[in-house]
Amino acid sequence: MSDKQIHNFSAGPCILPQEVLAQAAKAVTELDNIGLSLIEISHRSKEFVAIMEEARGLVKELLGVPDNYSVLFLQGGASLGFLTTAYNFLPQGGKAAYFNTGTWAKGAIAEAKLLGNVDVIASSADSNYDHIPSEYKVPSDAAYLHYTSNNTIFGTQHKSLPTSSVPIICDMSSDIFSKKINVSDYAMIYAGAQKNMGPAGTVVYIVNNDLLGKSGNTIPKYLNLQNHIDKDSMLNTPPVFAIYTSMLMLRWLKNLGGVEAMEKINDAKAAAIYAEIDSNPLFEGHAQVDSRSTMNATFRLKDESLADEFNAMWQAAGISGIKGHRSVGGYRASMYNALPLKSVEKLVEVMRQLAAKHA
Ligand SMILES: *Cc1c(COP(=O)(O)O)cnc(C)c1O
């Protein structure tokens, strides 16, 4: 490892705690003194079954998952989750309600349309997804309402549960485990690991068992969540490394005090960056204030001609990964769980230095 401290603001795959990386690296060589690597043992071995059970158990414990819900670690990322959602909950030719709040929401809508009708109940496309729409009505005959809790690319986040009389399904890829949630508000939550939970390669599903099996669809085997529940998330070979490392990350989170402690730290990080965006005369935010994400802060220079100078400064300060997504431009500071407050403070310091030079 290099001595230079790197402040990793990567939007995903995300920063992981150094201790988690060290333990994961060791397990690739040898898992817990069994003389074999984590990635060369059977997923049916007692060692790996214990890892899978601990990972699922930690999800339940950290989020307070009710007993009638199942926790699964599957493959295909959140992207396959878009289709899995539709197959399991949207009757062929039926209707589902979707928020369109950005790239990932649009992806979910496109997949649902393969099965049924999508009622886009609200969209912020007209203003390049700079806010979460507050005006919407969920039709009572929709099979479910789908939303993206945090819009990773645009830096917006739902600040409260949408009002809905139908079951709610949420893509929580980029803010799961960042704060307290009430799982019983949801029919299903799914989240790709690599934004806020672990490395790429697995996606967690938290699903209300009582609501499955009602779509009437013929569901391909791997997409049928009931099959995975029946096999304790071992229908086929699970992504062992991604699950193990996610489990380590969840242990780390538990030791830190769980999601409530994490939420306080995340709020402090977000408060620091947004205070600077608002007070620094050289910068402006992309997201509207009341829709701002705690996880991804999007902002830009008011005067693009300062970009080369600013870029050189943050790079020299050891900051990595703040270039904005091409659909927004500017900068994006992703402040996932493992990013320390001091990294945000470093970025704020560099933004101030730039302003001081141009005062
Ligand atoms: C990254 C992301 C996705 C896509 O995740 P994959 O695991 O790459 O399929 C979906 N939704 C959100 C909110 C994301 O941030």
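What counts, and at which threshold
- Residues numbered from 1 in each chain as written.
- Predicted model: local features only at pLDDT ≥ 70, side-chain atom pairs only at ≥ 80, totals over all residues.
- Heavy atoms only, no water.
- Core = buried A, V, L, I, M, F, W, Y, C linked by side-chain atoms within 4.5 Å.
- Buried < 20%, exposed > 50% of the residue type's maximum accessible area, 1.4 Å probe, protein only.
- Helix = DSSP H or I, 4+ residues; strand = E, 2+ residues; numbered from the N terminus.
- Domains from an automatic or database assignment.
- Salt bridge = Lys/Arg side-chain N within 4 Å of Asp/Glu carboxyl O.
- Pairing = 2+ DSSP bridges.
- Axes fitted to C-alpha atoms, helices over the stretch in contact; angles between N-to-C directions.
- Contact = heavy atoms within 4.5 Å.

Here we look at the nonpolar core
Turning to step 1, where the next piece is worked out: Among the nonpolar cores identified, the biggest contains 87 residues, and Leu63, Phe177, Ile206, Ile273, Phe310 and Leu347 are the most heavily contacted of them.
Turning to step 2, where the next piece is worked out: For this core, the element with the most residues is helix α7 (residues 240-256), which contributes nine residues.
Turning to step 3, where the next piece is worked out: Residues from two domains meet in this core; each of domain 1 (18-256) and domain 2 (258-357) gives at least three.
Turning to step 4, where the next piece is worked out: By size, the runner-up hydrophobic cluster in this structure holds 29 residues, among which are Tyr87, Tyr98, Ile169 and Val207.

Focus: the pattern of salt bridges
Turning to step 1, where the next piece is worked out: Counting across every chain of the model gives eleven salt bridges.
Turning to step 2, where the next piece is worked out: Between Glu54 and Arg251 there is a salt bridge, and its shortest N-O distance comes to 2.6 Å. Here the residue Glu54 occupies a position in helix α2 (residues 46-63), and Arg251 occupies one in helix α7, the gap between them amounting to 197 residues.
Turning to step 3, where the next piece is worked out: The partly exposed category is assigned to Arg251, whose relative accessible area is 32%.
Turning to step 4, where the next piece is worked out: The shortest N-O distance in the salt bridge between Glu349 and Lys346 comes to 3.5 Å. Taken as a pair, Glu349 and Lys346 lie in helix α10 (residues 341-357) at a separation of three residues, close to a single helical turn.

Things to note about the sheet that holds strand β14 (residues 331-334)
Turning to step 1, where the next piece is worked out: Within the open sheet, the three strands sit side by side as β11-β12-β14. Their pairing is antiparallel. Lying at the two open borders of the sheet, with one neighbouring strand each, are β11 (283-285) and β14. The mean inter-strand angle of the sheet, taken between neighbouring strand axes irrespective of direction, is 35°.
Turning to step 2, where the next piece is worked out: Note: strand β12 (residues 296-301) against β14, four bridges, orientation antiparallel. Across the sheet, Thr298 pairs through a bridge with Arg332, a residue of β14.
Turning to step 3, where the next piece is worked out: Sitting on the sheet, helix α8 (residues 258-279) touches β11 and β12, and the angle it makes with β12 is about 20°.
Turning to step 4, where the next piece is worked out: Lying over the sheet, helix α9 (residues 307-316) contacts β11, β12 and β14, oriented at roughly 25° with respect to β14.

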